[in-house]
Amino acid sequence: MSNDDKLIEGHEYDGIQELDNPLPKWWLMTFYATIVFAIGYFAYYQIFDGPTSQEELNADLAEIQSNQPEVSTSTDSSEIDVQALLANSDAMKIGEEAFGQFCIACHGQKGEGTIGPNLTDKYWMHSKGDLTGILVAIRDGFPQKGMPPWGQVIPPEKHAPLAAYVISLKGTNPPNAKAPQGNPIE
Amino acid sequence: MPNLYYDDQVVRQFIKATLLWGLIAFLAGLLAALQLANPLFNFELPWLTFGRLRPLHTNAAIFAFAGNAIFAGIYHSTQRLCKSRMFSDKLSQIHFWGWQAIIVSAAITLPLGFTQSKEYAELEWPIDIAIAAIWVVFAINFFMTLKIRKEKHMYVAIWFYIATIITVAVLHIANSIEVPVAFFKSYPIYAGIQDAMVQWWYGHNAVAFFLTTPFLGLMYYYVPKAVNRPVYSYKLSIIHFWALIFIYIWAGPHHLLNTALPDWAQTLGVVFSVMLWAPSWGGMINGLLTLRGAWHLLRTDPVIKFFVAAITFYGMATFEGPLLSIKSVNALGHYTDWIIAHVHAGALGWNGFLTFGMIYYLVPKLYNTELHSKSLATKHFWIAITGILLYYISMLAAGITQGMMWMDIDSSGRLTYPDFVETVTRIVPLYWVRSLGGLLFILGALLMFYNLYKTMVGSKECPNIKIPEPLETRTTEKETGHRKLENAALAFSILAFIAIAVGTVIEFLPILRVGAYVNSEKAVAPYSPLELAGRDIYIREGCYTCHSQMIRKLPSDVMRFGEPSTINESMYDRPYQWGSKRTGPDLARVGGKYPHLWHFKHMYNPQDVISMSIMPSYPWLFKNRTDFQSLRRKLSVMKMLGVPYSDDQVGNADTFAEKEAKQIAKELQEQGADSDRLEDREIVALIAYLQALGQKGIDQTPNANENEEDEK
């Protein structure tokens, strides 16, 4: 107890006494400051024209969209050299990784097909199994048929290596392959 | 004449119950922690799976461990502060045994999957009624003791007890209004946003009035007693008490920031949470400054160690709380393990340590002996505090890491970590650290059990303590201001009730007029009977403990999961399933994202589909048969509550559901599911529900919820 502590007379409960100390100044100031903040914050958002949460979201999304490069997920494959990708072990590694991360859930560990179709045989439903067809499948998926679109999920620079990796699976004859679906493409 | 003596028998009973249930609550917590580190710890047992274990852990920690501790402290200190034995020994015993029976029934029903899925209010309606009844018994016993008290004035500890008892009753009853559909199944009268709002008004104030105010009351009694010093400031007691209970009740919406909750309610949640900071710290200051001049005890007395650490954790948690209520901080921390860190600083640090300190102080007194070993108690302190720090720091790091990964948008305007599982695998090592922290906390507690056991058996007899004469007798001498109130228990209680009623009413009335927020022109279709059956399975399995169904109005949420969730979309959700934690991805719009077969394989064993998943597997859903029988009753209750089902749908609910199940089973087989007779299995109902999520809105155009903003 410091010297200016004063016990309050008559305040004793089962041996517990109470001191007559004032409210600590800094504590009181903190309390007042939060009250001032509260009034200001409430007034700004609810009384004056502070943005609504929907307006804030729209503004944020617009800014993010303005940063997105124009043609980030092009499926124009005329510029892409499939053979070069197939021969490039780094690219194939990127492709294999992306496949393991995003595709095996439905196409199986080795592309043999489980929920989705077998990607290693010569039967195709949506394209000829060529680079463009696979790039489109990756970007847009077949949401009505159970394959989600991956354009927004897989970084665009990985699309071509992934597509090339899928092409490389052709004819690998993995075990437990799913029965053919679609038309044979020679 | 027994009235000449204190009733300490019931205090000893409550202390033993605290220790027993504490151990169970801690062990359940450790197992749940391990399950997140490695899903093998779910053991593929329905009743032990994470979704059912987590509610068991939280209920045991709050209502069994903390609850019994509060009762022990209140029964012990109230008698001494009133200089009177409790009003009725019989009521004390009914309270004790009734409460233990409630805990046992919770420990049986939660693992069986009987749950309302509302956090800390999971228990089903028969138990809800029992809780209300026992609480009333407690209240009568307590308030009658105040009435017959010999001491003239009520000490600050009593004020906090009064606020606790009144408010918990109001909270529990208002949040538990539900319509039974079976012996252990009910639907709340509130739907969607109403349910969310009522639930978090309850949930937040359960923390306030079950884990804060009663413990502050205990602090005000046991800390000055243990150090034998006067309380630092009587004025501060008054101001911070009234400010605390008045402001606390408003802050519930901070659990729903950035969601579909109307902006005005979110704003109230933010500002009242910020204003809570100082009133909370008032308690900390009064506690810590009471120790002035007694700091040397900190070195020698384990009781003081526990008290000082508890109050410090209280100060830390009540600073972090307002911080997390700032919308932008909340955008980062909500749904992550930061919140888990926050509650455990409170639960382990503040509630746990205050309880341990109190018990180490009480047991020798109540058994008329010395503590078996002071040094063991000191060891307990150091081991437990290491455990808490490991827990807190690992979960803080996990929460901030995962929150930042979710929000991170790269320079080309895309999510840097679009794959959700990647953000999970990153923090799994921290789940192991957290488990270690929990283990240390338990090891410390085991030392305490041993130490107290030795203390108890070492005692020759429990003392019967005679009630001393009160210091002041109750005269009618004139008094003014607060001092007068301290002599008027009834007036004090009414004022405390008014203090908590103001915020409640102002936030509630508009929400209860839910029509103002649900736009009926853009209404949604109700769940089909099979989907409803699936939804009840989702609730039973506690999927909400890991999955939110609420896409917030934040760019990263929208880019990851789709358009923000609207109020309309959950207008028929009883109970609402917005969730509070995203251990797995948001499911509000998962419908149609995957083929049935994907869910089929995923629910059977998630790792077959997503190899790094930590979601438990649910093989029993492939064996259990869907309960078609109860659907008519369920739909009729829903219809009574205002869901637009036709009479035909209600009357033939089971037939409709069976037909829909056949269709889904057929589709599953076409997709290659390799089992037959699927149509009556629970998995099919669950898939029906999952595929319906986000698909019920008639208007799915962007910004469909803009109108409701204008209406505010």
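What counts and what doesn't
Residues numbered from 1 in each chain as written. Chains lettered and ligands numbered in written order. Predicted model: local features only at pLDDT ≥ 70, side-chain atom pairs only at ≥ 80, totals over all residues. Heavy atoms only, no water. Helix = DSSP H or I, 4+ residues; strand = E, 2+ residues; numbered from the N terminus. Rg over C-alpha atoms; globule rule 2.2 N^0.38 Å. Buried < 20%, exposed > 50% of the residue type's maximum accessible area, 1.4 Å probe, protein only. Areas by Shrake-Rupley, 256 points an atom, 1.4 Å probe, with all protein chains shown as cover. Lys, Arg positive; Asp, Glu negative; His and termini not counted. Charge placed at Lys NZ, Arg CZ, Asp CG, Glu CD. 1 Å grid on protein atoms, 1.4 Å probe; cavity = no way out; pocket = protein on both sides within 12 Å on 5 of 7 lines; lining within 4 Å. Points joined across faces, edges and corners; volume = space filled by probe spheres on them. Salt bridge = Lys/Arg side-chain N within 4 Å of Asp/Glu carboxyl O. Domains from an automatic or database assignment. Contact = heavy atoms within 4.5 Å. Buried area = accessible area lost by both parts, 1.4 Å probe. Polar contact = N/O pair within 3.5 Å; in protein donor to acceptor, adjacent residues only side chain to side chain. Phe/Tyr/Trp six-rings, centres within 6.5 Å; stacked < 30°, edge-to-face > 60°. Lys NZ or Arg CZ within 6 Å of the ring centre and 35° of its normal. Axes fitted to C-alpha atoms, helices over the stretch in contact; angles between N-to-C directions. Parallel < 35°, antiparallel > 145°, perpendicular 65-115°, else oblique. Left-handed = near helix turned anticlockwise from the far one by under 90°. Nonpolar A, V, L, I, M, F, W, Y, C, P; charged D, E, K, R; others polar. pLDDT = per-residue confidence, 0-100. Disulfide = S-S within 2.5 Å. Pairing = 2+ DSSP bridges. Core = buried A, V, L, I, M, F, W, Y, C linked by side-chain atoms within 4.5 Å. Patch = residues over 30% accessible without salt bridge, like charges linked within 9 Å, V, L, I, M, F, W, Y side chains within 5 Å.

**Notes on the overall build of chain B**
Secondary structure assignment for chain B yields 27 helices and two strands. Since a compact globule built from 712 residues should have a radius of gyration of about 27 Å, the 26 Å found for chain B is in line with a globular shape. The principal-axis extent of the C-alpha atoms belonging to chain B is close to 80 × 55 × 50 Å. Residues counted as buried form 68% of the 712 residues belonging to chain B. In the form shown here, chain B has an accessible surface area of approximately 24500 Å², with 65% of it arising from carbon and sulfur atoms. Taking the average place of the 60 positive charges on the side chains of chain B and the average place of its 56 negative ones, the gap between the two points comes to 11 Å.

**Focus: empty space enclosed by the protein**
All names here are of chain B. What the rule picks out here adds up to nine cavities of 30 Å³ or more. Of the pockets and cavities examined, the second largest cavity occupies roughly 230 Å³. Phe63, Ile131, Val168, His172 and Tyr202 are the residues nearest the centre of the second largest cavity, which is lined by 20 residues in total. Only α2 (50-82), α4 (125-147), α5 (156-175) and α6 (192-210) provide two or more residues apiece to the lining of the second largest cavity.

**Overview of the pattern of salt bridges**
Residues and elements named next belong to chain B. In total, this model carries 30 salt bridges over all chains according to the counting rule given. Measuring nitrogen to oxygen at the nearest pair gives 2.9 Å for the salt bridge that ties Arg52 to Glu541. One end of the pair, Arg52, is in helix α2; the other, Glu541, is in the loop between α19 (529-540) and α20 (555-561), and 489 residues separate them in sequence. As far as the burial class goes, Arg52 and Glu541 line up, both buried. A salt bridge links Asp557 to Arg582, with the nearest nitrogen and oxygen atoms 2.8 Å apart. Remark: Arg582 occurs in the loop between α20 and α21 (596-604) and Asp557 occurs in helix α20; sequence separation between them is 25 residues. With respect to class, Asp557 is no different from Arg582; both count as buried.

**Here's the deal with the domain arrangement of chain B**
Residues and elements named next belong to chain B. One can read the domain layout of chain B as domain 1 (2-466 + 495-506) and domain 2 (524-699). Just the C-alpha atoms count here: the centres of domain 1 and domain 2 sit 33 Å apart. Residue-level contacts link 66 residues of domain 1 with 53 residues of domain 2. Summed over both partners, the interface of domain 1 with domain 2 buries about 4900 Å², with 64% contributed by carbon and sulfur atoms.

**A look at the interface of chain B and chain A**
Each partner contributes to the interface: chain B provides 72 residues, whereas chain A provides 58 residues. Each partner contributes to the roughly 5600 Å² buried at the junction of chain B and chain A, and carbon and sulfur atoms together form 64% of this total. Viewed at the interface, chain A and chain B are joined by four salt bridges. Put simply, Lys235 of chain B and Asp20 of chain A hold a salt bridge, and the shortest N to O gap is 3.2 Å. Our count for the contact surface shared by chain B and chain A stands at 17 residue pairs in polar contact (both at pLDDT 80 or more). Listing elements by their share of the side of chain B that touches chain A, those giving two or more residues are α2, α7 (213-227), α8 (234-248), α9 (263-290), α20, α21 and α27 (706-711) of chain B. At 14 residues, α9 of chain B tops the list of elements feeding residues into the side of chain B that touches chain A.

**Things to note about the packing of aromatic side chains**
Residues and elements named next belong to chain B. One pass over the full model with this rule turns up 66 aromatic pairs over all chains. Each ring, one from Phe26 and one from Phe441, has its centre 5.2 Å from the other, and the planes form 80°; the classification is edge-to-face. Of the two residues, Phe26 sits in helix α1 (residues 9-37) while Phe441 sits in helix α16 (residues 428-457), which places them 415 residues apart along the sequence. Of the two residues, Phe26 and Phe441, both sit in the buried class. Between Trp135 and Phe210 the ring centres are 6.0 Å apart and the planes differ by 40°, which places this aromatic pair in the tilted class. In this pair, Trp135 sits in helix α4 while Phe210 sits in helix α6, placing the two residues 75 residues apart along the sequence. Phe210 matches Trp135 in its accessibility class, with the two residues each being buried. Directly above the aromatic system of Tyr6 lies the positively charged group of Arg80, at a separation of 4.1 Å from the ring centroid.

**A short note on the packing of helix α14 (residues 374-407) of chain B against α16 of chain B**
Residue and element names in this part refer to chain B. One way to put it is that α14 packs onto α16 with a least axis distance of 8 Å and a crossing angle of 160°. Here α16 runs roughly antiparallel to α14, going by the angle between their axes. By crossing handedness, the relation of α14 to α16 is classed as left-handed. Among the residues forming the contact of α14 with α16, the class breakdown is 21 nonpolar, seven polar and two charged.

**Details of the confidence of the model for chain A**
Chain-level statistics for chain A give a pLDDT mean of 88 and a share of 93% at 70 or above. When mean pLDDT is compared element by element in chain A, helix α1 (residues 25-47) of chain A scores highest at 96, while helix α3 (residues 82-87) of chain A scores lowest at 88.

**Things to note about the state of the cysteines**
All names here are of chain A. Tallied over the full model, the rule gives zero disulfides over all chains. No disulfide involves Cys103; its nearest neighbouring cysteine sulfur is the one of Cys106, lying 9.0 Å away. Residue classification places Cys103 among the buried positions, given a relative accessible area of 13%.

**Structural notes on the pairing of strand β1 (residues 7-13) of chain A**
Residue and element names in this part refer to chain A. In terms of strand pairing, β1 meets strand β2 (residues 16-19) through three bridges, oriented antiparallel. Residue Tyr13 lies in a different strand from β2, and its bridge partner there is Ile16. Here β1 folds back onto β2 in antiparallel fashion, the turn holding two residues, of which Asp14 has a positive phi close to 45°.

**So, the nonpolar core**
Residues and elements named next belong to chain B. One finds Trp99 and Phe353 to be the most contacted residues of the largest nonpolar core, which totals 198 residues. Residues within four places of Trp99 in sequence aside, it is in contact with Phe63, Asn68, Phe71, Ile94, Ile131, Ile134, Trp135 and Phe210. Within the second largest apolar cluster, 56 residues are counted, among which are Tyr187, Ala533, Trp620 and Leu631.

**Observations concerning the domain arrangement of chain A**
Domain assignment breaks chain A into domain 1 (7-66) and domain 2 (77-184). When each unit is reduced to the centre of its C-alpha atoms, the spacing between domain 1 of chain A and domain 2 of chain A is 55 Å.

**Observations concerning the side chain of Thr545 of chain B**
Residue and element names in this part refer to chain B. Within the secondary structure, Thr545 sits in the loop between α19 and α20. Looking at Thr545, the relative accessible area reads 2%, which means it is buried. A distance of 2.6 Å separates a polar atom in the side chain of Thr545 from the backbone oxygen of Gly542. Apart from residues no more than four positions distant in its own chain, Thr545 is found in contact with Phe50, Gly51, Arg54, Pro55, Lys581 and Thr583.

**Things to note about a nonpolar patch on the surface**
Together, Leu490, Ile494, Leu495, Phe497 and Ile498 of chain B make up an exposed nonpolar region whose accessible area comes to about 480 Å². Tracing the sequence through the fold places Leu490 of chain B in helix α18 (residues 489-512).

**A word on unusual backbone geometry**
If a residue is not glycine, its phi is most likely negative; likewise, a peptide bond is most likely trans. In this model, Arg574 of chain B is joined to Pro575 of chain B through a cis peptide bond whose omega is -10°. Tracing the sequence through the fold places Pro575 of chain B in the loop between α20 and α21. Backbone geometry places Asn173 of chain A, a non-glycine residue, at a positive phi of 45°. Here Asn173 of chain A is to be found in the loop between α7 (159-169) and β4 (183-184). Positive phi outside glycine occurs at Asn368 of chain B, with the angle close to 55°. Within the element layout of this structure, Asn368 of chain B appears in the loop between α13 (337-366) and α14.

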